[in-house]
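# Structure assessment
Okay, here's what each chain looks like letter by letter:
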Amino acid sequence: MGKVTGFMEYERIDEGYKPVPERLKNYKEFVIGLNDDAASKQAARCMDCGTPFCNNGCPVNNIIPDFNDLVYQGDWKEAIDVLHSTNNFPEFTGRICPAPCEAACTLNVNDSAVGIKSIEHAIIDRAWENGWVKAQPAQIRTGKKVAVVGSGPAGMAAAQQLARAGHDVTLFEKNDRVGGLLRYGIPDFKMEKTHIDRRVEQLKAEGVTIRTSVLVGELPKGSKVTNWAKETVSPAQLQAEFDAVLLTGGAEQSRDLPVPGRELDGIYFAMEFLPQQNKVNAGDKLKNQLRADGKHVIVIGGGDTGSDCVGTSNRHGAVSVTQFEVMPQPPVEENRPLTWPYWPMKLRTSSSHDEGCVREFAISTKEFIGEKGKLTGLKTVHIELKDGKMVEVPGTEKTYKADLVLLAMGFVNPVATVLDAFGVDKDNRGNARASTDFIGGYATNVAKVFAAGDMRRGQSLVVWAIREGRQAARSVDEFLMGFSDLPR
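Now for a quick tour of the structure. (Residues numbered from 1 in each chain as written. Predicted model: local features only at pLDDT ≥ 70, side-chain atom pairs only at ≥ 80, totals over all residues. Heavy atoms only, no water.)

## What about the overall build of the protein chain?
If you tally the helices and strands in the protein chain, you get 19 helices and 20 strands. Against the 2.2 N^0.38 benchmark of 23 Å for 488 residues, the protein chain shows a C-alpha radius of gyration of 23 Å, consistent with a compact globule. Looking at the protein chain as a whole, 53% of its 488 residues qualify as buried. Restricting to contacts in the protein chain with at least 6 residues of sequence separation, those with at least 24 account for 68%. Approximately 21,400 Å² of the protein chain is accessible, and the part contributed by carbon and sulfur atoms is 50%. Counting 59 positive and 63 negative side-chain charges, the protein chain places the centres of these two groups 4 Å from one another. (Helix = DSSP H or I, 4+ residues; strand = E, 2+ residues; numbered from the N terminus. Rg over C-alpha atoms; globule rule 2.2 N^0.38 Å. Buried < 20%, exposed > 50% of the residue type's maximum accessible area, 1.4 Å probe, protein only. Contact = heavy atoms within 4.5 Å. Areas by Shrake-Rupley, 256 points an atom, 1.4 Å probe, with all protein chains shown as cover. Lys, Arg positive; Asp, Glu negative; His and termini not counted. Charge placed at Lys NZ, Arg CZ, Asp CG, Glu CD.)

Given below as structure tokens:
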């Protein structure tokens, strides 16, 4: 694949970033993609390795060596066809996927991995620029009706696949725009929402009916889950009207931090903070937007959601931003012989961290403190692992000033009341119970009700959501027709 000696001749070429002062002034994407020459050289580094571990490292099983070779040869149109054969939305993954394919790259054993994500990004951007991404409406209609509940990447992928199989698909979304957490969660500076909008128009052209601001089932009283629904539909209505129902909602129940002082004003879930900025960026006006202007912000949680809170807080104009991670600081470089081709544990510094952030590791919050009901700070202690348990390190107690605390510790499960309304069995983590068997996969215990994406597997990556949406679509198609030609 690529140039036989390319991996010895060319160094890895990373995508560039616009300067920090420039990008902090707005919410626009700031990644500078590869030009044709850089993309060709990067693709030339793909080795003729015999067993491309990258294919299995990628959850959607992208045919990576093939599209690398096509980019090296300059055949961009064929490259997008190969990429689209396994991935409905490479503009999403090319921007926000952490690239497990690169961790699995054979070259990564003792060198820098091929920049697969940057090549994918380059392919899809050129495809849109050249008008190669077109609607693919089905030539024959089956007359079967399918409801897809949840319009994140799993729901969008499933809806597209089922529509192309000829079914009449209705995509339901409780918020006012399609996209799930891609729309209301991922900051615009990581992925502008025009990328979703273009795919929504494609879905419509392929025959998908989209119903936004419709809540299927119910949310618990006082729920903090984002919900801008104006209409409610019962599971019974869907089951009566449709031949199959596919649940593809997110694992939206945020993990809480029940320590003393949690009731103070100034402590919010990340998913109360981030969606509001997405709404404002879309042109909506909010009366009381939660903002970080002039505040000392502490983000509790060291993952991607925490990083998104850091970047958004800096754009608001926070006085300071500090991020807590309960785990010890990982090594800067992974132990490649030990971990390859699996996802390695190593220190990951995001573009948001580079914009201004103090990072604290192995730290635990013991108490929130405040005055007159308002947050003023929090008390912490450092922790260490002893005999398999996290224990406090004596003498490391500290008090931090804080006007705003954002809880970004991940998500525990889908909203239970939605699954309960359908009568779907849950696993021991609170997710919809459904297997991924080749035959009958993604089916729940309820007749003609299926589940996929975060609703089934729990909090995960966009690339896993797309994979499950595609696979579930095949299972639904097979259920309806007795067979399926859709790829799995």
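## Remarks on empty space enclosed by the protein
Overall, the coordinates contain six cavities of 30 Å³ or more when judged by the stated rule. For the largest cavity, the calculated volume is near 90 Å³. In terms of lining residues, the largest cavity is bounded by 14 residues, among which Cys46, Met47, Cys54, Cys105 and Val114 are the most central. Among the elements of the structure, helix H4 (53–57) and helix H5 (64–73) are those that each provide at least two residues to the lining of the largest cavity. Across the lining of the largest cavity, the residue classes tally to 11 nonpolar, two polar and one charged. In this model, the second largest cavity occupies a volume close to 80 Å³. Lining the second largest cavity we find Cys58, Pro59, Asn62, Thr93, Cys97, Ala99, Pro100, Cys101, Lys117, Glu120 and Val463. Secondary structure elements with two or more residues in the lining of the second largest cavity: helix H8 (100–104) and helix H9 (116–129). When grouped by side-chain class, the residues that make up the lining of the second largest cavity number seven nonpolar, two polar and two charged. (1 Å grid on protein atoms, 1.4 Å probe; cavity = no way out; pocket = protein on both sides within 12 Å on 5 of 7 lines; lining within 4 Å. Points joined across faces, edges and corners; volume = space filled by probe spheres on them. Nonpolar A, V, L, I, M, F, W, Y, C, P; charged D, E, K, R; others polar.)

## Structural notes on the packing of aromatic side chains
All chains considered together, the criterion is met by eight aromatic pairs. Connected via pairs of aromatic rings, a cluster forms that spans Tyr17, Phe30 and Phe189. Above the face of the Phe269 ring, Arg262 is positioned so that its terminal group lies 5.3 Å from the ring centre. (Phe/Tyr/Trp six-rings, centres within 6.5 Å; stacked < 30°, edge-to-face > 60°. Lys NZ or Arg CZ within 6 Å of the ring centre and 35° of its normal.)

## What about the pattern of salt bridges?
Applying the stated rule across the entire model yields 35 salt bridges. Its salt-bridge partner being Glu29, residue Arg95 comes within 3.1 Å of it at the nearest N-O pair. Of this pair, Arg95 sits in helix H7 (residues 90–96) while Glu29 sits in the loop between helix H2 (20–23) and strand S2 (31–32), and the two are 66 residues apart along the sequence. The residues Arg95 and Glu29 share a single accessibility class, namely buried. Arg95 gets classed as buried once you look at its relative accessible area, which sits at 14%. One continuous salt-bridge network, built from bridges that share partners, spans Asp176, Arg177, Lys279 and Asp284. (Salt bridge = Lys/Arg side-chain N within 4 Å of Asp/Glu carboxyl O.)

## Considerations on the layout of surface pockets
By volume, the second largest pocket is sized at about 230 Å³. In this structure, the second largest pocket is lined by 13 residues; those nearest its centre are Asp188, Glu192, Lys193, Asn281 and Ala282. When contributions to the lining of the second largest pocket are tallied by element, the ones reaching two or more residues are helix H11 (194–205) and helix H13 (270–281). Of the residues contributing to the lining of the second largest pocket, the split by class is three nonpolar, three polar and seven charged.

## Quick notes on the pairing of strand S11 (residues 296–300)
Burial analysis of S11 places four of its five residues in the buried class, which makes it a mostly covered element. Pairing between S11 and strand S12 (residues 320–325): five bridges, direction parallel. Its bridge partner being in S12, Ile300 is matched across the sheet by Phe324. As for the winding sense of the linkage, the β-α-β connection from S11 through helix H14 (residues 304–316) to S12 is right-handed. (Pairing = 2+ DSSP bridges. Right-handed = clockwise from strand over helix to strand, strands pointing away.)

## Quick look at the sheet that holds S11
An order of S10-S18-S11-S12-S13 is seen for the five strands of this open sheet, with the pairing classed as parallel. Two strands lie at the open edges of the sheet, namely strand S10 (267–269) and strand S13 (358–361), each paired on one side alone. With strand direction ignored, the average angle separating the axes of adjacent strands in the sheet is 20 degrees. Pairing analysis gives four bridges linking S12 to S13, with the strands arranged parallel. In the sheet register, Glu325 faces S13, and the bridge partner there is Phe361. (Axes fitted to C-alpha atoms, helices over the stretch in contact; angles between N-to-C directions.)

## Topic: the packing of helix H3 (residues 36–44) against H5
Here H3 crosses H5 at 135 degrees, and the two axes come no closer than 8 Å. The orientation of H3 relative to H5 falls into the category oblique. Considering how the two elements wind past one another, H3 and H5 form a crossing that is left-handed. Mapping the contact onto sequence places Ala39, Ser40, Ala43 and Ala44 in H3 and Asn68, Val71 and Tyr72 in H5. In terms of residue class, the contact of H3 with H5 is built from five nonpolar, two polar and no charged. (Parallel < 35°, antiparallel > 145°, perpendicular 65-115°, else oblique. Left-handed = near helix turned anticlockwise from the far one by under 90°.)

## Notes on the nonpolar core
Ranked by size, the top nonpolar core spans 66 residues in total, and within it Phe67, Val71, Phe92, Ile123, Val148 and Leu182 carry the most contacts. Not counting chain neighbours up to four residues away, the residues in contact with Val71 comprise Ala39, Ser40, Ala43, Trp76, Ala79, Ile119 and Ile123. (Core = buried A, V, L, I, M, F, W, Y, C linked by side-chain atoms within 4.5 Å.)

## A closer look at the environment of Pro65
Relative to the helices and strands, Pro65 is located in helix H5. Judged by relative accessible area, which is 9%, Pro65 ranks as buried. Linking Pro65 and His121, residues 56 residues apart in sequence, is a C-alpha distance of 15 Å.

Read these as spatial facts, not as claims about activity.
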